[in-house]
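# Residue-level structure breakdown
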Amino acid sequence: MRDGMVGRGGAAGAESGRLTGDALEIRPLTGDEIGAAMGDLAALRIAVFAAWPYLYDGDADYEADYLREFLSARDAVLVAAIDDGRIVGAATASPMAEQKPEFRAPFEARGIDTSHLFYFGESVLLPHYRGRGAGHAFFDHREAQARRCGADAACFAAVIRPPDHPARPGDYRPLDGFWRARSYAPIPDFITHLAWKEHGEAQESLKPLQYWHKVLD
């Protein structure tokens with residue numbers, strides 16, 4: 001299961017990849033760091049995606065396999081939010097051409113070339129750390145990687161839930177405003193369907209996800 005972003009970031013200020021004061025260190029992981037962090041990253045995804053709107057009933061082995069596969073893609077990047085040596089958030093991205101057919105399908109069905117399109121996977125952050133700039137920093141780093149790799153646009157997919165869903169928290173605030181402030185917009189009728197098991201389900205079921213898109217300057 002993948003998504004566009006879970007967890008709200010605050011102000012930016014992370015072009016260098018590091019934040020100062022009592023804020024988080026946010027930077028891409030490289031080499032052996034990625035392998036060493038795989039277990040922590042899998043647990044982080046399970047913890048964050050268990051909440052609304054994904055309600056994911058995750059499996060650590062599946063998550064570790066997914067992360068290895070995603071990060072083995074050409075030009076993939078993993079950005080981590082680190083607090084005193086502990087990974088408390090992460091975001092991923094890689095070329096759309098490297099994704100599975102179900103991710104590319106809405107574009108290819110319309111004859112759109114995905115060779116210059118970057119796909120942003122998850123952007124997950126533990127609740128305690130939200131509102132401290134991580135969300136913007138995650139996007140800054142991933143957009144920079146997309147540009148370095150020659151992409152002229154970026155996209156992500158966010159789950160669609162009905163407003164009257166019984167599990168929707170009363171104080172839930174969608175991230176649409178945050179995404180739009182970064183110049184992303186939903187692409188009309190660009191929907192993909194991915195399967196995962198959510199809490200209360202006996203088995204996986206397909207869920208619809210809306211693609212959001214931005215032309216990179």
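Here we summarise the structure given alongside this text. Source: prediction; values computed, not measured.

## Focus on the side chain of E63
- Here E63 lies in helix α2 (residues 60–71).
- Using a relative accessible area of 0% as the deciding quantity, one classes E63 as buried.
- Once you skip the residues sitting within four places of it in the chain, E63 turns out to touch A42, R45, I46 and Y56.

## Some thoughts on the pattern of salt bridges
- Taken as a whole and assessed by the stated rule, the structure comprises 16 salt bridges.
- R45 serves as the salt-bridge partner of E63, at 2.2 Å between the closest nitrogen and oxygen. Linking E63 in helix α2 with R45 in helix α1 (residues 32–49), this pair joins segments that are 18 residues apart in sequence.
- Residues R45 and E122 are paired through a salt bridge, measuring 2.3 Å at the closest nitrogen-oxygen approach. Taken together, the positions of R45 in helix α1 and E122 in strand β4 (residues 117–125) put the pair 77 residues apart, joining distant regions of the chain. Comparing R45 with E122, the two get one shared label, buried.
- Counted as one network, the salt bridges with shared partners bring together D140, E143, R182 and K214.

## Quick look at the packing of aromatic side chains
- Inspection of the entire model under this criterion finds 16 aromatic pairs.
- Geometrically, the ring pair formed by Y66 and F70 is tilted, given 5.9 Å between the ring centres and 55° between the ring planes. Taken together, the residues Y66 and F70, both in helix α2 and four residues apart, mark about one turn of the helix.
- Assessed through its relative accessible area of 4%, Y66 is described here as buried.
- Measuring from centroid to centroid gives 5.0 Å for W179 and W212, while their planes differ by 65°, and the two rings are edge-to-face. Within this pair, whereas W179 is found in helix α5 (residues 176–181), its partner W212 is found in strand β7 (residues 205–215), the two being separated by 33 residues in sequence.
- With relative accessibility at 5%, the residue W179 sits in the buried group.
- One aromatic cluster is present, formed by F120, F139, F156, F178, W179, Y184 and W212 through successive ring pairs.
- In this arrangement the basic side chain of R110 is found over the ring face of F190, its NZ or CZ atom lying 4.1 Å from the centre.
- One cation-aromatic arrangement involves R142 over F139; the distance from NZ or CZ to the ring centre is 4.7 Å.

## Focus: the nonpolar core
- With 65 residues, the main nonpolar core has W179 and Y211 as its most contacted residues.
- It is α1 that contributes the most residues to this core, eight residues altogether.

## A word on the packing of α1 against α2
- In contact at an axis separation of 9 Å, α1 and α2 are set at 125° when each is read in the N-to-C sense. With respect to α2, the axis of α1 lies oblique. The two elements α1 and α2 meet at a crossing, and its hand is right-handed. Of the residues in α2, those touching α1 at I34, M38, L41, A42, R45 and I46 are A60, E63, A64, Y66, L67, R68 and L71.
- Of the residues in the contact of α1 with α2, the class split is ten nonpolar, no polar and three charged.

## Quick word on helix α4 (residues 134–148)
- Here α4 is 15 residues long and its end C-alpha atoms lie 21 Å apart, about the 21 Å a rise of 1.5 Å per residue gives.
- Counting buried positions along α4 gives twelve out of 15 residues, so the element sits mostly inside the fold.
- Burial in α4 covers these residues: A134, G135, H136, A137, F138, F139, D140, H141, R142, E143, Q145 and A146.
- Phi for G150, located one or two positions after α4, is positive at around 85°.

## Some thoughts on unusual backbone geometry
- Cis peptide bonds are those with omega within 30 degrees of zero, and the linkage from W52 to P53 qualifies with 10°.
- With respect to the secondary-structure elements, P53 resides in the loop between α1 and α2.
- Of note in the backbone geometry, L55 takes a positive phi value of approximately 55° without being a glycine.
- Inspection of the secondary structure assignment puts L55 in the loop between α1 and α2.
- For D84, which is not glycine, the phi torsion reads 55° and is therefore positive.
- Of note, D84 is situated in the loop between β2 (77–83) and β3 (86–95).
- On the basis of relative accessibility, which here comes to 78%, the residue D84 falls in the exposed class.

The rules behind these values
Residues numbered from 1 in each chain as written. Predicted model: local features only at pLDDT ≥ 70, side-chain atom pairs only at ≥ 80, totals over all residues. Heavy atoms only, no water. Helix = DSSP H or I, 4+ residues; strand = E, 2+ residues; numbered from the N terminus. Buried < 20%, exposed > 50% of the residue type's maximum accessible area, 1.4 Å probe, protein only. Contact = heavy atoms within 4.5 Å. Salt bridge = Lys/Arg side-chain N within 4 Å of Asp/Glu carboxyl O. Phe/Tyr/Trp six-rings, centres within 6.5 Å; stacked < 30°, edge-to-face > 60°. Lys NZ or Arg CZ within 6 Å of the ring centre and 35° of its normal. Core = buried A, V, L, I, M, F, W, Y, C linked by side-chain atoms within 4.5 Å. Axes fitted to C-alpha atoms, helices over the stretch in contact; angles between N-to-C directions. Parallel < 35°, antiparallel > 145°, perpendicular 65-115°, else oblique. Left-handed = near helix turned anticlockwise from the far one by under 90°. Nonpolar A, V, L, I, M, F, W, Y, C, P; charged D, E, K, R; others polar. Expected span 1.5 Å × (residues − 1).

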